[in-house]
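Structural features, examined
Listed below, chain by chain, are the residues.
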Amino acid sequence: MSEIAFHLTMRGWETGEPPPDRIETWLRLSFHQSKVPQLYIEWSCLWANPSVRRTDRDALRAKFNGLMGIPGSFDSRIVTIGEPL
C-alpha cells in the first residue's frame, strides 16, 4: 500500500510539505488486493482553503486533471475519486 499527499496550487500539483499557497490537499492511496491483478487508486480530499470558492477549486482541479485522471476501471487500474470538501 502507498499513501501520498498531493497539494493543489496555482502552479499545479505538489508533494512534500504543504505549500502556504495550497488550494486543496488530496490523499492518493494505491494498493493491490490479494489475488487480484488490479491496482486500486483512491483519492480523498483532506483539506480545502476556505477562502477559495468551490467553483474556483473545481476549475483549477480540472485544469490539472492529468494527475487524478477520471474515475472508473482502465486496463489494470480501478480509480475512485471522492468529493472535494
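Refer to the preceding data block for the structure.
A short tour of the structure in this document, coming up. Starting afresh in each chain, residues are numbered from 1 along the sequence in its written order. Whole-chain, interface and lining totals are the exception, using all residues; otherwise, since this is a predicted model, local features are given only for residues with pLDDT of at least 70 and side-chain atom pairs are given and counted only at 80 or more. The side-chain quantities take in all heavy atoms of the structure and omit both hydrogens and water.

**A word on the overall build of the protein chain**
Under the DSSP-based scheme used, a helix requires at least four consecutive residues in state H or I and a strand at least two consecutive residues in state E, with every element numbered from the N terminus. Along the protein chain, the regular secondary structure elements total one helix and six strands. For the protein chain, the N- to C-terminal ordering of α and β elements is β-β-β-β-α-β-β. Taking the principal axes of its C-alpha atoms as reference, the protein chain extends roughly 45 × 25 × 20 Å. For the protein chain, restricting intrachain contacts to residue pairs at least 6 apart in sequence, the fraction spanning at least 24 positions comes to 48%. Note on areas: these come from Shrake-Rupley sampling with a 1.4 Å probe, and a residue is covered only by the protein chains present in the view. Here the protein chain displays about 5,400 Å² of accessible surface, and carbon together with sulfur accounts for 56% of that area. Distance between charge centroids for the protein chain: 2 Å, based on 10 positive and 10 negative side chains. Any pair of residues with heavy atoms lying within 4.5 Å of one another is described as a contacting pair. Within this scheme the basic residues Lys and Arg register as positive and the acidic residues Asp and Glu register as negative, but His and the chain ends are omitted. Charge positions come from single atoms, namely NZ of Lys, CZ of Arg, CG of Asp or CD of Glu.

**Here's the deal with the pairing of strand E6 (residues 77-81)**
Here five bridges tie strand E4 (residues 39-48) to E6, and the two strands are oriented parallel to one another. Among the inter-strand pairings, Trp43 is bridged to a residue of E6, identified as Ile81. Where strand E5 (residues 72-74) meets E6, three bridges bridge the pair, whose relative direction is antiparallel. Residue pairing in the sheet places Phe74 in a bridge with Arg77 of E6. Where E5 hands over to E6, the hairpin turn is made up of two residues, of which Asp75 adopts a positive phi near 50°. Here, a strand pair is defined by DSSP locating no fewer than two bridges between the strands.

**Description of the nonpolar core**
Of all hydrophobic cores here, the largest spans 11 residues; its members are Phe6, Leu8, Trp13, Ile23, Trp26, Ile41, Trp43, Cys45, Leu60, Met68 and Val79. For this core, the secondary-structure elements that each account for two or more residues are strand E1 (2-9) and E4. Looking at this core element by element, the count peaks at three residues for E4. Aside from chain neighbours lying at most four places away, what touches Leu60 is Leu8, Thr9, Met10 and Ile23. Remark: nonpolar core denotes a set of buried residues (Ala, Val, Leu, Ile, Met, Phe, Trp, Tyr, Cys) joined through side-chain atoms within 4.5 Å. For every residue, the accessible area (1.4 Å probe, protein chains only) is compared with the maximum for its type, and the residue is labelled buried under 20%, exposed over 50%, or partly exposed between those bounds.

**Considerations on the side chain of Glu24**
Within the secondary structure, Glu24 sits in strand E3 (residues 24-32). Aside from chain neighbours lying at most four places away, what touches Glu24 is Phe6, His7, Leu8, Trp47, Ala48, Arg57, Arg61 and Pro84.

**Observations regarding the pairing of E4**
Across nine bridges, E3 lies against E4 in antiparallel orientation. Paired with Trp26 across the two strands is Cys45, which belongs to E4. Adjacent in sequence and paired antiparallel, E3 and E4 are bridged by six residues, among which Lys35 carries a positive phi angle near 65°.

**So, unusual backbone geometry**
The general pattern is negative phi for most residues beyond glycine and trans for most peptide bonds. Backbone geometry at Asp75 places phi at a positive 50°, although glycine is not the residue there. Among the secondary structure elements, Asp75 is positioned in the loop between E5 and E6. In this structure Asp75 comes out as exposed when scored by relative accessible area, which is 82%.

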